[in-house]
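Per-entry structural report
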Amino acid sequence: MYQAIGEWLSGTEAAILLVVLGLATLGTAALFLVGLAGYRRRGTSVYLLLTVALGLLVARSIVGFGTALGMVPMPVHHLIEHGSDFAIATLVLYALYRSGPPSPSV
């Protein structure tokens, strides 16, 4: 199997990392649910793009847990994490592009 968190971090560092991963997972899951509710309410492609980006943030946290627990090898972790970063940035920028220019205020 791959290296688990206890093999490359001390007990205190490992505990802190797991707490941070847990909080990140809970936070991104909450944001994803809010985004999903927004998409269900609005149903536009912009909301869909942002919801997918938020879903990728949740997936990143899960991959982080898998790496910390020794289930995901570090090269795979880096490919998924950095690939997700690129996809999230692309989705957010495309959502901004799709939203169009602001309406003139009267």
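The structure reproduced in this document is the subject of the present report. Remember, predicted model here, so these are calculated numbers, not experimental data. (Residues numbered from 1 in each chain as written. Predicted model: local features only at pLDDT ≥ 70, side-chain atom pairs only at ≥ 80, totals over all residues. Heavy atoms only, no water.)

**As for helix H2 (residues 45-68)**
For H2, which comprises 24 residues, the first-to-last C-alpha distance of 35 Å matches the rise-based estimate of 34 Å (1.5 Å per residue) to within 8%. Taken together, the buried positions of H2 are Val46, Leu49, Thr51, Ala53, Val58, Ser61, Val63, Gly64, Gly66, Thr67 and Ala68. (Helix = DSSP H or I, 4+ residues; strand = E, 2+ residues; numbered from the N terminus. Expected span 1.5 Å × (residues − 1). Buried < 20%, exposed > 50% of the residue type's maximum accessible area, 1.4 Å probe, protein only.)

**What to know about the pattern of salt bridges**
Under the defined criterion, the tally for this structure stands at two salt bridges. Here arginine 60 ties to glutamate 81 by a salt bridge, and the two come within 2.9 Å at their closest N and O atoms. With a gap of 21 residues between them, arginine 60 in helix H2 and glutamate 81 in helix H3 (residues 74-99) connect regions that are remote in the sequence. We classify arginine 60 as partly exposed; its relative accessible area is 22%. Overall, the relative accessible area of 9% leaves glutamate 81 in the buried class. With a shortest N-O distance of 3.1 Å, aspartate 85 and arginine 60 are connected by a salt bridge. Placement of aspartate 85 in helix H3 and of arginine 60 in helix H2 is noted, with a sequence separation of 25 residues between them. Here the salt bridges share partners, and the residues they tie into one network are Arg60, Glu81 and Asp85. (Salt bridge = Lys/Arg side-chain N within 4 Å of Asp/Glu carboxyl O.)

**Some words on the environment of alanine 37**
When you line up the elements, alanine 37 lands in helix H1 (residues 11-42). The class for alanine 37 is partly exposed, based on a relative accessible area of 46%.

**Comments concerning the packing of aromatic side chains**
Across all of its chains, the model carries one aromatic pair by this definition. A ring pair is formed by tyrosine 94 and tyrosine 97, whose centres lie 6.1 Å apart and whose planes are at 25°; its orientation type is stacked. Of this pair, tyrosine 94 and tyrosine 97 both sit in helix H3, three residues apart, which is roughly one turn of the helix. Since its relative accessible area comes to 39%, tyrosine 94 is described here as partly exposed. On the accessibility criterion, tyrosine 97 (66% relative accessible area) is exposed. (Phe/Tyr/Trp six-rings, centres within 6.5 Å; stacked < 30°, edge-to-face > 60°.)

**Some thoughts on the packing of H2 against H3**
For the pair H2 and H3, interaxial distance at closest approach is 9 Å and the crossing angle is 165°. Overall, the two elements H2 and H3 adopt an arrangement that is roughly antiparallel. Between H2 and H3 lies a crossing whose hand is left-handed. (Axes fitted to C-alpha atoms, helices over the stretch in contact; angles between N-to-C directions. Parallel < 35°, antiparallel > 145°, perpendicular 65-115°, else oblique. Left-handed = near helix turned anticlockwise from the far one by under 90°.)

In short, the description is geometric, and any link to function would need to be established separately.
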